[in-house]
Amino acid sequence: MTDILIVDDERDIRELIAEILRDEGFATRMAANSDECMAEINAEPPALMILDIWLKDSRMDGIDILTRVKRDNPDVPVVIISGHGNIEIAVAAIKQGAYDFIEKPFNIDQLLVVVSRAMETSRLRRENNSLRKRETNAAEMLGASGAFRKLREQLDKVTKSNGRVMLTGAPGSGKEVAARYIHAHSARSGGPFITVTSASIAPDHMEEVLFGRETPDRGVEQGLLEQAHGGVIYFDEVGDMPLGTQSKILRVLTEQQFARAGGTDKVRVDLRVISSTTRDLPSEIAAGRFRQELYDRLNVVPIAVPALAERREDIPLLARHFIEMFNRVQGLTLRPLSDEAAAMLQTMEWPGNIRQLRNIIERVLILGEGADPIEARELPGQTSVPDEGRVVLGGALAALPLREARELFEREYLLIQINRFGGNISRTAAFVGMERSALHRKLKSLGVVTSAKPGGRVAHFDDDDLDEGDLDVD
């Protein structure tokens, strides 16, 4: 960013400074009075301003403009120049936040030194602000399953564009992690990532939260949209956004500008919009709870984030990642995950998805003792697996005749194993110790079939007669 705004009422001075700076590789803009100056700043804040103290035929002088700029755009360094300079004016300018003061007629070498230092200061300030705004504890995108690979392929494609993305999926499936992945691998990775929790914004407070406000006593308070300038604004659970808020967000997306609450100047922002939802938005639209126009604006690139049950192969990898993370962040004991515990995790139900898995791993590490491997019996609801290797039967299974109980057990066991291996029959056969052809016959006799899902296949029970080819999913 090398854009410099030169504000001086003398045309010759403006053009001279602009020519000198362009020869040094800087981009320049010029303004002759305060109105032109503020219009340029509102259109796009510069990286640096060179500002004359005395401006003829102008509503504001240089000190007034300096005060406004440092209030609204504190990261923009301002170099003051004046042909009527004295120590009082210089001190006043520095007190108001000016980076430096140069007296006319100025020395070109002095001007270039001051500009170079101010630009470097501006760059470092932007980088520091960016680092402060960016979340550093976002979970990584981890996985190797077919469903995960398909998701990452889609995310990689959208990182190359600036299009609006809508992420759908169950609660806890990792939609915000996917949004952060897009941000981190895009051209906007150096900009902020600002999250808007949609349900928490009441319509009567929406303008202040999103657009910011201006008051005489407190000056400018930036809203979330302005804080996201140059980066990504992420609307979390956009389906929960009140209707009143939806219409105002739609206007911002259409016009690409807004005014702060209590202010009159139009603020332009450069940002990318990513949203997420667990709701069926077409149904919400039909019920009158979501605006069709906003849905059309946000749903340019829809991406479905798979539930954890659709990527069971990834569970051991994710569990070990969380173990390492809690050791690093909280100092919890770094314990290996036993094969039995990993297999048990793959067979469990996950209504809370990745968030639930993370919570379970944290609980096990907190309650566990020593550095021994995590065992299956430590997992929630698994206390019925005795140390001797016996399995405690449920009441319904224990009440069945041997043949029916064996068939029910085999069906449930094979369903779990096939889903654990992402629908891969060959890997399942190797684990359970059967020939592939024998496993096909067994599955057919038990009525176990597989259906295609995003990124893989899922096994389920079906009474109907099916050809053996329906089970060939390798």
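Above this note sits the structure.
Nothing here was measured: the structure is a model prediction, and the numbers come from that model.

1. Regarding the nonpolar core
For step 1, the next point in the chain: The biggest cluster of nonpolar side chains holds 29 residues, and the ones touching the most others in it are L210, L225, I233, F235 and V238.
For step 2, the next point in the chain: Mapped onto this core, the elements with two or more residues apiece are β7 (193-197), α8 (206-211), α9 (224-227), β10 (232-236), α10 (243-255), α11 (281-286) and α12 (292-298).
For step 3, the next point in the chain: Looking at this core element by element, the count peaks at four residues for α10.
For step 4, the next point in the chain: Setting aside anything within four residues of it in sequence, one finds I233 in contact with I194, V196, L224, L225, A228, L271, R272, V273 and I274.

2. Side note on helix α3 (residues 62-72)
For step 1, the next point in the chain: Those residues of α3 lying buried are G62, I65, L66, V69, K70 and D72.
For step 2, the next point in the chain: Near the N-terminus of α3, the side chain that reaches the backbone nitrogen of I63, with its oxygen 3.1 Å away, is that of D61.

3. Details of the pattern of salt bridges
Pairing is possible between side chains that carry opposite charge, provided their charged atoms lie close to one another.
For step 1, the next point in the chain: Evaluation of the coordinates by the stated rule reveals 22 salt bridges.
For step 2, the next point in the chain: Through salt bridges that share partners, D8, E10, D52 and K104 make up one connected network.

4. A short note on the sheet that holds strand β13 (residues 272-277)
For step 1, the next point in the chain: Ordered by their spatial adjacency, five strands build an open sheet running β7-β10-β13-β6-β14, and the pairing between neighbours is parallel. Strands at the two margins of the open sheet, each flanked by one partner only, are β7 and β14 (301-304). For this sheet the average axis-to-axis angle between neighbouring strands, irrespective of direction, equals 20°.
For step 2, the next point in the chain: Sitting on the sheet, helix α7 (residues 175-184) touches β6 (165-168), β7, β10 and β13, and the angle it makes with β7 is about 150°.

5. Structural notes on the pairing of strand β2 (residues 27-31)
For step 1, the next point in the chain: Strand direction decides the pairing type here: strand β1 (residues 3-7) and β2, joined by five bridges, are parallel. Its bridge partner lying in β2, L5 is registered against R29.

6. Brief notes about the environment of T333
For step 1, the next point in the chain: On the secondary structure map, T333 appears in the loop between α13 (315-330) and α14 (339-347).
For step 2, the next point in the chain: Apart from residues lying up to four places away in sequence, T333 is in contact with N327, L365, G370 and A371.

7. Considering α10
For step 1, the next point in the chain: Taking 1.5 Å per residue as the helical rise, α10 with its 13 residues ought to reach 18 Å, and the 19 Å between its terminal C-alpha atoms agrees with that figure.
For step 2, the next point in the chain: Buried residues belonging to α10 abut α8, α9, β10, β11 (257-259), β13 and α12.

8. Describing the side chain of N73
For step 1, the next point in the chain: As for its placement among the helices and strands, N73 is situated in the loop between α3 and β4 (78-82).
For step 2, the next point in the chain: When residues no more than four places from it in sequence are discounted, the contact partners of N73 are I41 and P45.

9. Observations concerning the sheet that holds strand β3 (residues 48-52)
For step 1, the next point in the chain: If you walk across this open sheet you meet the five strands as β2-β1-β3-β4-β5, and the pairing is parallel. A single partner strand is all that each edge strand has here, and the edge strands are β2 and β5 (100-103). Between one strand axis and the next, the sheet turns by 20° as a mean value, whatever way the strands run.
For step 2, the next point in the chain: Sheet topology places β3 next to β4; four bridges connect them, and they run parallel. Looking at β4, one finds that M49 is bridged to V78.
For step 3, the next point in the chain: Docked against the sheet, helix α1 (residues 11-23) engages β1, β2, β3 and β4, running at close to 170° with respect to β2.

10. Re the environment of I13
For step 1, the next point in the chain: Tracing the backbone through its elements, the reader meets I13 in helix α1.
For step 2, the next point in the chain: Separated by 91 residues in sequence, I13 and K104 place their C-alpha atoms 9.8 Å apart.
For step 3, the next point in the chain: Setting aside chain neighbours within four positions, we find I13 in contact with D8 and K104.

Conventions we followed
Residues numbered from 1 in each chain as written. Predicted model: local features only at pLDDT ≥ 70, side-chain atom pairs only at ≥ 80, totals over all residues. Heavy atoms only, no water. Core = buried A, V, L, I, M, F, W, Y, C linked by side-chain atoms within 4.5 Å. Buried < 20%, exposed > 50% of the residue type's maximum accessible area, 1.4 Å probe, protein only. Helix = DSSP H or I, 4+ residues; strand = E, 2+ residues; numbered from the N terminus. Contact = heavy atoms within 4.5 Å. Polar contact = N/O pair within 3.5 Å; in protein donor to acceptor, adjacent residues only side chain to side chain. Salt bridge = Lys/Arg side-chain N within 4 Å of Asp/Glu carboxyl O. Pairing = 2+ DSSP bridges. Axes fitted to C-alpha atoms, helices over the stretch in contact; angles between N-to-C directions. Expected span 1.5 Å × (residues − 1).

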